Amino acid sequence: MKSGFVALAGRPNVGKSTLINNLVHEKVAIVTDKPQTTRSEIRGILTNDDLQIVFTDTPGIHKAQDRLGARMNREAADVIQGVDLIYLVVDGSVPFSKGDQYVLEMVKNAGLPVFLILNKVDQMSKEQIIKNLASWQTKYDFDEYFPMSAKFDTDFQDLVETTAKYLPEGDLLYPADMISDGAENFRIAEIIREKVLECLEQEVPHASAVVIESKKFRKGACYIQAMILVERAGQKAIMIGKKGSMIKKIGMLARKDIEQLLQKSVYLELFVRVEEEWRSKDSRITEYGYGGANRTL
Ligand SMILES: Nc1nc2c(ncn2[C@@H]2O[C@H](COP(=O)(O)OP(=O)(O)OP(=O)(O)O)[C@@H](O)[C@H]2O)c(=O)[nH]1
Ligand SMILES: [Mg+2]
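What counts and how
- Residues numbered from 1 in each chain as written.
- Chains lettered and ligands numbered in written order.
- Predicted model: local features only at pLDDT ≥ 70, side-chain atom pairs only at ≥ 80, totals over all residues.
- Helix = DSSP H or I, 4+ residues; strand = E, 2+ residues; numbered from the N terminus.
- Rg over C-alpha atoms; globule rule 2.2 N^0.38 Å.
- Buried ≥ 20, exposed ≤ 12 C-beta atoms within 10 Å, placed from the backbone.
- Contact = placed C-beta atoms within 7 Å.
- Core = buried A, V, L, I, M, F, W, Y, C linked by C-beta atoms within 7 Å.
- Domains from an automatic or database assignment.
- Nonpolar A, V, L, I, M, F, W, Y, C, P; charged D, E, K, R; others polar.
- Pairing = 2+ DSSP bridges.
- Near = placed C-beta within 6 Å.
- Axes fitted to C-alpha atoms, helices over the stretch in contact; angles between N-to-C directions.

> Can you walk me through the overall build of the protein chain in this structure?
When its secondary structure is counted, the protein chain shows eleven helices and nine strands. A compact globule built from 297 residues would reach a C-alpha radius of gyration of about 19 Å, and the protein chain, at 20 Å, matches this within 12%. Projected onto its principal axes, the C-alpha coordinates of the protein chain cover approximately 55 × 40 × 40 Å. Counting only residues that meet the buried cut, the protein chain has 41% of its 297 residues in that class. For the protein chain, restricting intrachain contacts to residue pairs at least 6 apart in sequence, the fraction spanning at least 24 positions comes to 70%.

Spelled out as structure tokens, the structure:
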């Protein structure tokens with residue numbers, strides 16, 4: 001059988017997490033319309049009779065504004081060094097920019113096979129797709145080209161079969177029935193963070209972190225207490241909202257998704273606390289599980 005590792009790399013918001021979820025038929029990574037949603041490496045595993053692909057989602061590579069951003073970029077760079085194949089995911093519906101050039105150089109330097117995933121073709125005309133693909137072809141001689149819509153396509157067979165050709169012969173890397181290697185508490189915290197990103201705008205969601213404080217299973221239900229950390233008192237007030245309306249909304253949306261994940265009734269209690277400048281503190285970033293937390297410990 002064939003088995004190996006594939007990294008999904010690219011700029012923020014291009015659809016890497018959307019693609020990994022659809023490739024493994026499970027929501028292993030959170031998805032939002034805001035850049036820098038993914039803060040750490042997340043694996044999704046696809047296993048067939050004669051094939052196992054370990055896909056690794058990575059944080060979007062961007063111009064870092066703080067220590068968290070720098071660590072997210074380094075995490076992405078580290079991941080692409082240690083795989084068999086890279087998917088460079090790009091948003092085909094926007095013009096090539098300096099940011100694309102930067103990511104392309106990084107990917108080229110890894111010296112590995114690279115597929116260009118030209119994503120979001122559902123937002124493009126046929127002419128635009130052809131033109132854009134031709135333009136990317138002049139930038140680098142990619143091993144394969146896949147124009148697609150990670151969000152709306154339903155069949156990824158061609159991509160999976162072509163990927164298999166680039167992987168070595170090998171045994172299972174994970175148990176055959178495993179789809180995510182993410183710790184349950186981290187996945188629950190990420191679901192809550194997804195709702196924070198969905199419900200709030202501008203700086204507040206980016207200044208937020210989520211940690212699970214306790215999780216107990218009792219009489220077929222799950223009781224969870226989670227802490228949302230923000231950097232300033234003003235952000236805490238926004239997170240809680242008028243008479244607690246915002247935190248209630250976040251909790252309600254998150255609970256539904258956590259129930260799906262755990263297949264149980266969930267009682268979710270959310271708390272908000274200020275942890276000043278946590279995005280500048282390595283110890284905090286690591287404690288919350290972001291930016292290569294597992295690598296730097
Ligand atoms: N129209 C369209 N939207 C897409 C497609 N793929 C992803 N999106 C949207 O693009 C936004 C970003 O998607 P993500 O999957 O979170 O992007 P990402 O590359 O993981 O972003 P970061 O984690 O911030 O690096 C979301 O609003 C998605 O719904 C696509 O094929 N077509
Ligand atoms: Mg992502």
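> Explain the nonpolar core here, please?
Looking at soluble globular proteins, one finds that nonpolar side chains tend to be buried together. Membership of the largest hydrophobic core comes to 72 residues, with the highest contact counts inside it found for Ala-9, Ile-86, Leu-88, Val-89, Leu-116, Ile-117 and Ile-192. Both domain 1 (2–165) and domain 2 (184–296) contribute no fewer than three residues apiece to this core. In contact with Leu-88, other than residues within four places in its own chain, are Ala-9, Gly-10, Val-103, Leu-104, Val-107, Val-114, Leu-116 and Ile-117.

> Please explain the domain arrangement of the protein chain as it appears in this structure.
The figure often quoted for interface size is the accessible area lost as the parts come together. Looking at the protein chain, the domain boundaries give domain 1 (2–165) and domain 2 (184–296). Inter-centroid distance (C-alpha atoms) of domain 1 to domain 2 is 27 Å. Tallying the contact residues gives 15 residues for domain 1 and 18 residues for domain 2. Broken down by class, the residue content of the side of domain 1 that touches domain 2 amounts to three nonpolar, four polar and eight charged.

> Help me understand the pairing of strand E5 (residues 114–119) in this model?
Summarising burial for E5: six of the six residues are buried, a large majority. Note that strand E4 (residues 85–91) and E5 share six bridges and pair parallel. Within E5, the position partnered with Asp-91 by the bridge is Asn-119. Two elements, E5 and strand E6 (residues 144–147), share four bridges in a ladder whose sense is parallel. Among the inter-strand pairings, Ile-117 is bridged to a residue of E6, identified as Phe-146.

> Looking at this structure, how should I read the environment of Lys-16?
Mapping Lys-16 onto the fold places it in helix H1 (residues 16–24). For the pair formed by Lys-16 and Val-31, sequence separation is 15 residues and the distance between their alpha carbons is 8.9 Å. When neighbours within four sequence positions are excluded, Lys-16 is seen to be in contact with Leu-8, Gly-10, Asp-57, Thr-58 and Val-89.

> Sorry if this is basic, but what is going on with the site of ligand 1 here?
Lining the immediate environment of ligand 1, one finds 25 residues, of which Gly-15, Ser-17, Thr-38, Gly-60 and Lys-151 sit closest. Tallying contributions element by element places H1 first for the shell around ligand 1, with three residues.

> Help me understand the sheet that holds E4 in this model?
To summarise the sheet geometry, strands pair through backbone hydrogen bonds and adopt either a parallel or an antiparallel arrangement. As summarised here, the arrangement of the six strands in space is E2-E3-E1-E4-E5-E6, forming an open sheet in which the pairing is mixed. The open sheet has two edge strands with one neighbour each: strand E2 (42–48) and E6. Here the strands of the sheet are splayed against their neighbours by 20° on average, with no regard to which way each runs. The strands touched by helix H2 (residues 67–81) are strand E1 (2–10), strand E3 (51–57) and E4; relative to E1, the strand with the most contacts, the crossing angle is about 150°.

> Help me understand the sheet that holds strand E9 (residues 265–274) in this model?
Overall, mixed pairing links the three strands, which are arranged E7-E8-E9 in an open sheet. Each end of this open sheet is capped by a strand with a single partner; those strands are strand E7 (209–218) and E9. Between one strand axis and the next, the sheet turns by 15° as a mean value, whatever way the strands run. Relative to E9, strand E8 (residues 221–230) is paired through ten bridges, and the arrangement is parallel.

> Looking at this model, I keep getting lost on H1. Mind explaining?
Side chains of residues three or four places apart in an α-helix project in the same direction, reflecting 3.6 residues per turn. Counting buried positions over the nine residues of H1 gives nine, a clear majority of the element. Within the sequence span of H1, burial applies to Lys-16, Ser-17, Thr-18, Leu-19, Ile-20, Asn-21, Asn-22, Leu-23 and Val-24. On its buried face, H1 is in contact with E1, E2, E3, E4 and E5. Once H1 ends, the next one or two residues include His-25, with phi positive near 60°.

> Looking at this structure, how should I read unusual backbone geometry?
Glycine aside, residues mostly have negative phi, and peptide bonds are mostly found in the trans state. One non-glycine residue, Lys-219, lies in the positive phi region at around 45°. Position of Lys-219 among the secondary structure elements: in the loop between E7 and E8. In the Ramachandran plot, Gln-263 falls in the positive-phi region, its phi being about 60° despite a non-glycine side chain. One can find Gln-263 in the loop between helix H9 (245–262) and E9. A tally of 7 C-beta atoms within 10 Å means that Gln-263 is categorised as exposed.

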